[in-house]
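Next come the chains, spelled out residue by residue.
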Amino acid sequence: MTAPTNRTLTSVVPGMDLDEVVYGPLTRDDFVRYAEASGDDNPLHQDEEYARNNGAPTVFAMGMLNAGYLAHAVSDWFGGPHRLRRYKVRFTTRVWAGDELACTGRVVVVESGVVKVGLEARRRGSGPDGLGLDEEEVAIVGEAEVVLPE
Amino acid sequence: MAETEITFALPVTRRAIADFAVAVGEDNTIFFDADEARRQGFPDVVAPPTFSVRQIFEVPREEREERLGASLDYGRVLHGEQEFIYSRLPVAGETLNGTMRISKDFTKEGKRGGSMRFVTYESVFTDADGAEVLRALYTLIETSKDPGA
(Lines give C-alpha, C1' and ligand atoms only; values in the text may rest on other atoms or scores of the structure.)
Protein backbone atom coordinates (compact mmCIF):
# COMPACT_ATOMS: atom_id res chain seq x y z
CA MET A 1 0.00 0.00 0.00
CA THR A 2 1.12 3.51 -0.74
CA ALA A 3 -0.50 6.78 0.13
CA PRO A 4 0.01 10.20 -1.43
CA THR A 5 2.48 12.41 0.36
CA ASN A 6 1.11 15.89 0.89
CA ARG A 7 3.89 18.10 -0.28
CA THR A 8 4.11 21.87 -0.49
CA LEU A 9 6.20 23.97 -2.81
CA THR A 10 8.58 24.99 -0.07
CA SER A 11 9.38 21.36 0.76
CA VAL A 12 10.75 20.66 -2.72
CA VAL A 13 14.22 21.64 -3.95
CA PRO A 14 16.18 20.85 -7.11
CA GLY A 15 18.29 17.72 -6.77
CA MET A 16 15.89 16.14 -4.30
CA ASP A 17 15.40 12.40 -4.84
CA LEU A 18 11.95 10.89 -4.44
CA ASP A 19 11.77 7.56 -2.60
CA GLU A 20 11.97 4.56 -4.92
CA VAL A 21 8.64 2.76 -5.36
CA VAL A 22 8.73 -0.85 -6.52
CA TYR A 23 5.73 -2.48 -8.23
CA GLY A 24 5.29 -6.14 -9.06
CA PRO A 25 6.61 -8.69 -9.74
CA LEU A 26 4.39 -8.30 -12.79
CA THR A 27 2.36 -11.33 -13.87
CA ARG A 28 0.63 -12.41 -17.05
CA ASP A 29 -2.64 -11.81 -15.19
CA ASP A 30 -1.61 -8.17 -14.82
CA PHE A 31 -1.20 -7.95 -18.60
CA VAL A 32 -4.64 -9.50 -19.17
CA ARG A 33 -6.26 -7.18 -16.62
CA TYR A 34 -4.62 -4.15 -18.24
CA ALA A 35 -5.70 -5.30 -21.71
CA GLU A 36 -9.33 -5.47 -20.55
CA ALA A 37 -9.20 -2.14 -18.72
CA SER A 38 -7.24 -0.17 -21.32
CA GLY A 39 -8.44 -1.64 -24.60
CA ASP A 40 -4.90 -2.59 -25.67
CA ASP A 41 -5.61 -6.12 -26.83
CA ASN A 42 -2.41 -6.58 -28.85
CA PRO A 43 -1.75 -10.36 -28.63
CA LEU A 44 1.99 -9.72 -28.13
CA HIS A 45 1.13 -9.10 -24.47
CA GLN A 46 -1.13 -12.08 -23.87
CA ASP A 47 -0.59 -14.88 -26.38
CA GLU A 48 2.64 -16.85 -25.86
CA GLU A 49 2.56 -18.48 -29.27
CA TYR A 50 1.80 -15.23 -31.08
CA ALA A 51 4.63 -13.51 -29.24
CA ARG A 52 7.11 -16.28 -30.16
CA ASN A 53 6.02 -16.10 -33.80
CA ASN A 54 6.56 -12.34 -33.81
CA GLY A 55 10.08 -11.98 -32.56
CA ALA A 56 9.61 -12.06 -28.77
CA PRO A 57 10.63 -15.04 -26.59
CA THR A 58 7.45 -14.63 -24.54
CA VAL A 59 4.75 -12.06 -23.74
CA PHE A 60 5.77 -8.73 -22.23
CA ALA A 61 4.07 -5.81 -20.52
CA MET A 62 2.36 -3.04 -22.46
CA GLY A 63 4.48 0.10 -22.32
CA MET A 64 1.48 2.00 -21.03
CA LEU A 65 1.03 -0.45 -18.17
CA ASN A 66 4.55 0.41 -17.03
CA ALA A 67 3.83 4.09 -17.64
CA GLY A 68 0.67 3.69 -15.56
CA TYR A 69 2.70 2.39 -12.62
CA LEU A 70 5.21 5.22 -12.98
CA ALA A 71 2.37 7.78 -13.06
CA HIS A 72 1.07 6.17 -9.87
CA ALA A 73 4.46 6.74 -8.23
CA VAL A 74 4.53 10.39 -9.36
CA SER A 75 0.99 10.91 -8.05
CA ASP A 76 1.91 9.50 -4.66
CA TRP A 77 5.12 11.54 -4.42
CA PHE A 78 3.30 14.82 -4.98
CA GLY A 79 -0.02 14.54 -3.19
CA GLY A 80 -2.25 12.98 -5.85
CA PRO A 81 -2.80 12.60 -9.59
CA HIS A 82 -4.50 16.00 -9.87
CA ARG A 83 -1.12 17.68 -9.27
CA LEU A 84 0.12 16.57 -12.69
CA ARG A 85 0.26 19.13 -15.49
CA ARG A 86 2.44 17.18 -17.89
CA TYR A 87 3.71 13.61 -18.02
CA LYS A 88 6.01 12.29 -20.73
CA VAL A 89 7.66 8.91 -21.12
CA ARG A 90 10.05 7.31 -23.58
CA PHE A 91 10.16 3.52 -23.71
CA THR A 92 13.68 2.06 -23.80
CA THR A 93 13.24 -1.67 -23.22
CA ARG A 94 10.61 -4.30 -22.63
CA VAL A 95 9.41 -5.46 -19.21
CA TRP A 96 8.72 -9.17 -18.72
CA ALA A 97 6.46 -11.26 -16.53
CA GLY A 98 8.35 -11.84 -13.29
CA ASP A 99 10.06 -8.44 -13.43
CA GLU A 100 9.66 -5.82 -10.76
CA LEU A 101 9.32 -2.21 -11.87
CA ALA A 102 11.38 0.18 -9.75
CA CYS A 103 10.33 3.83 -10.12
CA THR A 104 12.54 6.75 -9.14
CA GLY A 105 12.38 10.49 -9.58
CA ARG A 106 14.51 13.55 -9.02
CA VAL A 107 13.42 17.17 -8.83
CA VAL A 108 15.12 19.09 -11.65
CA VAL A 109 13.71 22.62 -11.47
CA VAL A 110 11.21 24.52 -9.36
CA GLU A 111 9.92 27.52 -11.28
CA SER A 112 6.80 29.70 -10.95
CA GLY A 113 5.00 27.12 -8.82
CA VAL A 114 5.78 24.27 -11.22
CA VAL A 115 8.04 21.41 -10.22
CA LYS A 116 9.86 19.62 -13.04
CA VAL A 117 10.84 16.06 -12.23
CA GLY A 118 13.08 13.60 -14.07
CA LEU A 119 11.76 10.03 -13.98
CA GLU A 120 13.05 6.54 -14.48
CA ALA A 121 11.42 3.11 -14.31
CA ARG A 122 13.77 0.15 -14.29
CA ARG A 123 12.89 -3.48 -14.88
CA ARG A 124 14.46 -5.70 -12.26
CA GLY A 125 14.61 -9.47 -12.64
CA SER A 126 16.23 -12.30 -14.53
CA GLY A 127 14.07 -11.90 -17.65
CA PRO A 128 13.05 -14.72 -20.01
CA ASP A 129 15.29 -17.80 -20.07
CA GLY A 130 18.09 -17.70 -22.60
CA LEU A 131 17.90 -13.96 -23.23
CA GLY A 132 20.82 -13.21 -20.91
CA LEU A 133 19.42 -9.87 -19.81
CA ASP A 134 21.03 -7.71 -17.16
CA GLU A 135 19.32 -8.01 -13.80
CA GLU A 136 18.33 -4.36 -14.04
CA GLU A 137 17.67 -2.18 -17.10
CA VAL A 138 16.06 1.22 -17.67
CA ALA A 139 12.65 0.60 -19.24
CA ILE A 140 11.29 4.15 -19.17
CA VAL A 141 12.92 7.56 -19.12
CA GLY A 142 10.41 10.26 -18.38
CA GLU A 143 9.62 13.70 -17.09
CA ALA A 144 6.73 15.26 -15.26
CA GLU A 145 5.55 18.71 -14.31
CA VAL A 146 3.48 19.04 -11.17
CA VAL A 147 1.92 22.00 -9.41
CA LEU A 148 2.04 22.17 -5.64
CA PRO A 149 0.33 24.40 -3.10
CA GLU A 150 2.43 27.07 -1.39
CA MET B 1 -8.37 9.97 -49.50
CA ALA B 2 -7.23 10.23 -45.92
CA GLU B 3 -9.08 12.42 -43.46
CA THR B 4 -7.23 15.05 -41.42
CA GLU B 5 -8.89 14.23 -38.11
CA ILE B 6 -11.13 11.77 -36.33
CA THR B 7 -13.63 12.92 -33.74
CA PHE B 8 -14.95 10.55 -31.12
CA ALA B 9 -16.56 10.44 -27.68
CA LEU B 10 -14.78 9.04 -24.63
CA PRO B 11 -17.23 8.13 -21.86
CA VAL B 12 -15.79 8.41 -18.35
CA THR B 13 -17.66 6.07 -16.00
CA ARG B 14 -17.03 5.05 -12.39
CA ARG B 15 -16.73 1.44 -13.50
CA ALA B 16 -14.15 2.20 -16.21
CA ILE B 17 -12.15 4.34 -13.79
CA ALA B 18 -12.15 1.64 -11.09
CA ASP B 19 -11.16 -1.11 -13.53
CA PHE B 20 -8.38 1.01 -14.99
CA ALA B 21 -7.10 2.11 -11.59
CA VAL B 22 -6.92 -1.50 -10.38
CA ALA B 23 -5.07 -2.49 -13.56
CA VAL B 24 -2.28 0.02 -12.86
CA GLY B 25 -2.08 -0.96 -9.20
CA GLU B 26 -3.73 2.20 -7.88
CA ASP B 27 -5.13 2.33 -4.36
CA ASN B 28 -5.82 6.06 -3.96
CA THR B 29 -9.43 6.41 -2.81
CA ILE B 30 -10.14 9.32 -5.19
CA PHE B 31 -10.39 6.73 -7.97
CA PHE B 32 -12.81 4.47 -6.10
CA ASP B 33 -14.87 6.36 -3.55
CA ALA B 34 -17.09 9.22 -4.79
CA ASP B 35 -17.72 10.54 -1.26
CA GLU B 36 -14.01 10.65 -0.53
CA ALA B 37 -13.37 12.33 -3.90
CA ARG B 38 -16.01 14.96 -3.07
CA ARG B 39 -14.46 15.53 0.33
CA GLN B 40 -11.25 16.35 -1.51
CA GLY B 41 -13.05 18.85 -3.74
CA PHE B 42 -13.78 16.79 -6.87
CA PRO B 43 -17.30 16.40 -8.31
CA ASP B 44 -16.93 12.59 -8.39
CA VAL B 45 -14.15 10.00 -8.69
CA VAL B 46 -11.41 11.13 -11.10
CA ALA B 47 -9.63 9.17 -13.81
CA PRO B 48 -5.99 8.08 -13.41
CA PRO B 49 -3.49 10.14 -15.46
CA THR B 50 -3.14 7.59 -18.27
CA PHE B 51 -6.86 6.70 -18.47
CA SER B 52 -7.40 8.31 -21.89
CA VAL B 53 -5.53 5.42 -23.56
CA ARG B 54 -9.01 3.89 -23.48
CA GLN B 55 -9.65 5.90 -26.64
CA ILE B 56 -8.52 2.74 -28.46
CA PHE B 57 -11.96 1.30 -27.54
CA GLU B 58 -13.58 4.16 -29.46
CA VAL B 59 -11.15 4.32 -32.39
CA PRO B 60 -9.48 0.95 -32.95
CA ARG B 61 -6.09 0.82 -34.63
CA GLU B 62 -7.50 -0.38 -37.97
CA GLU B 63 -9.95 2.52 -38.12
CA ARG B 64 -7.27 5.02 -37.15
CA GLU B 65 -5.00 3.68 -39.88
CA GLU B 66 -7.69 3.60 -42.50
CA ARG B 67 -8.99 7.10 -41.81
CA LEU B 68 -5.78 9.02 -41.04
CA GLY B 69 -3.68 7.07 -43.51
CA ALA B 70 -0.20 6.84 -41.94
CA SER B 71 0.27 3.47 -43.71
CA LEU B 72 2.37 2.02 -40.92
CA ASP B 73 3.62 -1.56 -41.11
CA TYR B 74 2.73 -2.77 -37.62
CA GLY B 75 5.18 -5.65 -37.83
CA ARG B 76 7.92 -2.99 -37.52
CA VAL B 77 6.22 -0.58 -35.15
CA LEU B 78 7.12 0.12 -31.52
CA HIS B 79 5.45 2.48 -29.06
CA GLY B 80 8.29 4.95 -28.65
CA GLU B 81 6.92 7.80 -26.56
CA GLN B 82 3.80 9.00 -24.83
CA GLU B 83 2.98 12.40 -23.44
CA PHE B 84 -0.02 13.84 -21.62
CA ILE B 85 -0.70 17.53 -20.99
CA TYR B 86 -3.38 18.16 -18.37
CA SER B 87 -5.70 21.02 -17.55
CA ARG B 88 -7.51 18.71 -15.14
CA LEU B 89 -8.30 15.02 -14.72
CA PRO B 90 -11.48 13.59 -16.27
CA VAL B 91 -14.34 13.05 -13.80
CA ALA B 92 -16.81 10.15 -13.67
CA GLY B 93 -20.12 10.97 -15.32
CA GLU B 94 -18.81 13.14 -18.11
CA THR B 95 -18.20 12.28 -21.73
CA LEU B 96 -15.14 13.85 -23.29
CA ASN B 97 -15.03 14.92 -26.92
CA GLY B 98 -11.85 13.70 -28.58
CA THR B 99 -10.21 14.92 -31.77
CA MET B 100 -7.29 12.91 -33.10
CA ARG B 101 -4.90 13.90 -35.85
CA ILE B 102 -1.35 13.17 -36.94
CA SER B 103 0.70 16.04 -35.53
CA LYS B 104 4.16 14.81 -36.51
CA ASP B 105 5.50 12.45 -39.15
CA PHE B 106 9.22 12.46 -39.87
CA THR B 107 12.05 10.05 -40.62
CA LYS B 108 15.42 10.05 -38.94
CA GLU B 109 18.54 8.13 -39.91
CA GLY B 110 19.49 5.57 -37.25
CA LYS B 111 22.93 5.43 -35.61
CA ARG B 112 23.56 1.88 -36.80
CA GLY B 113 22.21 2.24 -40.32
CA GLY B 114 18.59 2.03 -41.32
CA SER B 115 16.08 4.72 -40.55
CA MET B 116 13.26 5.29 -38.11
CA ARG B 117 9.98 6.96 -38.89
CA PHE B 118 8.27 8.77 -36.01
CA VAL B 119 4.52 9.26 -36.24
CA THR B 120 2.71 11.15 -33.48
CA TYR B 121 -1.06 10.93 -33.05
CA GLU B 122 -2.26 13.87 -31.01
CA SER B 123 -5.64 13.65 -29.33
CA VAL B 124 -7.27 16.68 -27.72
CA PHE B 125 -10.03 16.01 -25.21
CA THR B 126 -12.56 18.71 -24.35
CA ASP B 127 -15.50 18.76 -21.95
CA ALA B 128 -19.17 19.66 -22.38
CA ASP B 129 -18.28 23.37 -22.11
CA GLY B 130 -15.70 23.02 -24.87
CA ALA B 131 -12.80 23.54 -22.46
CA GLU B 132 -9.69 21.45 -22.96
CA VAL B 133 -9.27 18.72 -20.31
CA LEU B 134 -6.12 17.05 -21.55
CA ARG B 135 -4.19 16.17 -24.65
CA ALA B 136 -2.40 12.92 -25.37
CA LEU B 137 0.51 12.46 -27.78
CA TYR B 138 1.07 8.89 -28.88
CA THR B 139 4.32 8.39 -30.80
CA LEU B 140 4.97 5.26 -32.80
CA ILE B 141 8.35 4.37 -34.27
CA GLU B 142 8.49 2.35 -37.46
CA THR B 143 11.91 0.81 -38.01
CA SER B 144 13.26 0.12 -41.47
CA LYS B 145 14.49 -3.32 -40.44
CA ASP B 146 13.31 -6.00 -38.03
CA PRO B 147 13.02 -4.26 -34.65
CA GLY B 148 14.96 -7.06 -32.87
CA ALA B 149 14.96 -6.56 -29.11
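Rules of the game
- Residues numbered from 1 in each chain as written.
- Chains lettered and ligands numbered in written order.
- Predicted model: local features only at pLDDT ≥ 70, side-chain atom pairs only at ≥ 80, totals over all residues.
- Helix = DSSP H or I, 4+ residues; strand = E, 2+ residues; numbered from the N terminus.
- Buried ≥ 20, exposed ≤ 12 C-beta atoms within 10 Å, placed from the backbone.
- Contact = placed C-beta atoms within 7 Å.
- Nonpolar A, V, L, I, M, F, W, Y, C, P; charged D, E, K, R; others polar.
- Core = buried A, V, L, I, M, F, W, Y, C linked by C-beta atoms within 7 Å.
- Pairing = 2+ DSSP bridges.
- Axes fitted to C-alpha atoms, helices over the stretch in contact; angles between N-to-C directions.
- pLDDT = per-residue confidence, 0-100.
- Parallel < 35°, antiparallel > 145°, perpendicular 65-115°, else oblique.
- Left-handed = near helix turned anticlockwise from the far one by under 90°.
- Expected span 1.5 Å × (residues − 1).

1. Description of the overall build of chain A
Here comes step 1: Looking only at helices and strands, one finds three helices and five strands in chain A.
Here comes step 2: Each helix (α) and strand (β) of chain A, taken in turn from the N terminus, gives the series β-α-α-α-β-β-β-β.
Here comes step 3: In chain A, which comprises 150 residues, the share counted as buried stands at 41%.
Here comes step 4: Contacts in chain A between residues far apart in sequence, at least 24 positions, make up 71% of those at least 6 positions apart.

2. Some words on the interface of chain B and chain A
Here comes step 1: Tallying the contact residues gives 28 residues for chain B and 31 residues for chain A.
Here comes step 2: Every element with two or more residues in the side of chain B that touches chain A is listed here: α1 (14-23), α3 (55-58) and β2 (77-86) of chain B.
Here comes step 3: Tallying contributions element by element places β2(B) first for the side of chain B that touches chain A, with eight residues.
Here comes step 4: Class assignment of the residues belonging to the side of chain B that touches chain A gives a composition of 15 nonpolar, six polar and seven charged.

3. Quick look at the nonpolar core
Here comes step 1: Tyr69(A), Leu70(A), Val74(A) and Ile17(B) are the most contacted members of the largest nonpolar core, which has 68 residues in total.
Here comes step 2: Take this core: its biggest share by element is nine residues, from helix α3 (residues 63-77) of chain A.
Here comes step 3: Apart from the residues within four sequence positions on either side, Tyr69(A) is in contact with Tyr23(A), Leu101(A), Cys103(A), Ala121(A), Val24(B) and Gly25(B).

4. Comments concerning the sheet that holds strand β4 (residues 114-124) of chain A
Here comes step 1: Here we have ten strands laid out as an open sheet, ordered β1(A)-β3(A)-β4(A)-β5(A)-β2(A)-β2(B)-β5(B)-β4(B)-β3(B)-β1(B), and antiparallel in their pairing. Bordering the open sheet on either side are β1 (17-23) of chain A together with β1 (6-11) of chain B, each of which pairs with just one other strand. The sheet shows a mean angle of 20 degrees between the axes of neighbouring strands, direction not considered.
Here comes step 2: With eleven bridges connecting them, strand β4 (residues 115-126) of chain B and strand β5 (residues 132-143) of chain B associate as antiparallel partners.

5. Structural notes on unusual backbone geometry
Residue and element names in this part refer to chain A.
Here comes step 1: Across the junction of Gly24 and Pro25, the peptide omega takes the value 5 degrees, indicating a cis bond.
Here comes step 2: Inspection of the secondary structure puts Pro25 in the loop between β1 and α1 (28-38).
Here comes step 3: Notably, Ser112 is not glycine yet its phi reads approximately 50 degrees, a positive angle.
Here comes step 4: Mapping Ser112 onto the fold places it in the loop between β3 (100-111) and β4.

6. Regarding the confidence of the model for chain B
Here comes step 1: Per-residue confidence for chain B gives a mean pLDDT of 93, with 96% of residues at or over 70.
Here comes step 2: Complex prediction metrics read pTM 0.94 and ipTM 0.95.

7. Considerations on the pairing of β4(A)
Consecutive residues of a regular strand have side chains that alternate between opposite faces of the sheet.
All names here are of chain A.
Here comes step 1: Summarising the sheet, β3 and β4 pair through eleven bridges and their orientation is antiparallel. Counterpart to Val109 in the pairing with β4 is Lys116.
Here comes step 2: In this antiparallel pair of consecutive strands, β3 and β4, the connection spans two residues, and Ser112 shows a positive phi of 50 degrees.
Here comes step 3: Here β4 runs beside strand β5 (residues 136-147); their pairing, made up of eleven bridges, is antiparallel. When the bridges of β5 are listed, Gly118 appears paired with Glu143.

8. Side note on the environment of His82(A)
Here comes step 1: Assignment of secondary structure puts His82(A) in the loop between α3 and β2 (84-91).
Here comes step 2: Residue classification places His82(A) among the buried residues on the basis of 20 C-beta atoms within 10 Å.
Here comes step 3: When neighbours within four sequence positions are excluded, His82(A) is seen to be in contact with Val46(B) and Leu89(B).

9. Let's talk about the packing of α1(A) against α1(B)
Here comes step 1: At a minimum axis distance of 9 Å, the contact between α1(A) and α1(B) shows a crossing angle of 150 degrees. As judged from the angle between their axes, α1(A) and α1(B) are roughly antiparallel. Crossing angle aside, the handedness with which α1(A) passes α1(B) is left-handed. The residues of α1(B) that touch α1(A), namely those facing Arg33(A), Tyr34(A), Ala37(A) and Ser38(A), are Asp19(B), Phe20(B) and Ala23(B).

10. Some points on the environment of Val77(B)
All names here are of chain B.
Here comes step 1: Checked against the element boundaries, Val77 lands in strand β2.
Here comes step 2: Judged by the 17 C-beta atoms lying within 10 Å of it, Val77 falls in the partly exposed class.
Here comes step 3: In this structure the C-alpha to C-alpha distance between Val77 and Glu142, which are 65 residues apart in sequence, comes to 4.4 Å.
Here comes step 4: Those residues in contact with Val77 that sit more than four places away from it in its chain are Leu72, Leu140, Ile141 and Glu142.

11. Focus: α3(A)
Residues and elements named next belong to chain A.
Here comes step 1: Between its first and last C-alpha atoms α3 spans 21 Å; for 15 residues at 1.5 Å apiece the expected length is 21 Å, and the two agree.
Here comes step 2: Counting buried positions over the 15 residues of α3 gives 15, a clear majority of the element.
Here comes step 3: At the C-terminal side of α3, Gly79 shows a positive phi close to 95 degrees.

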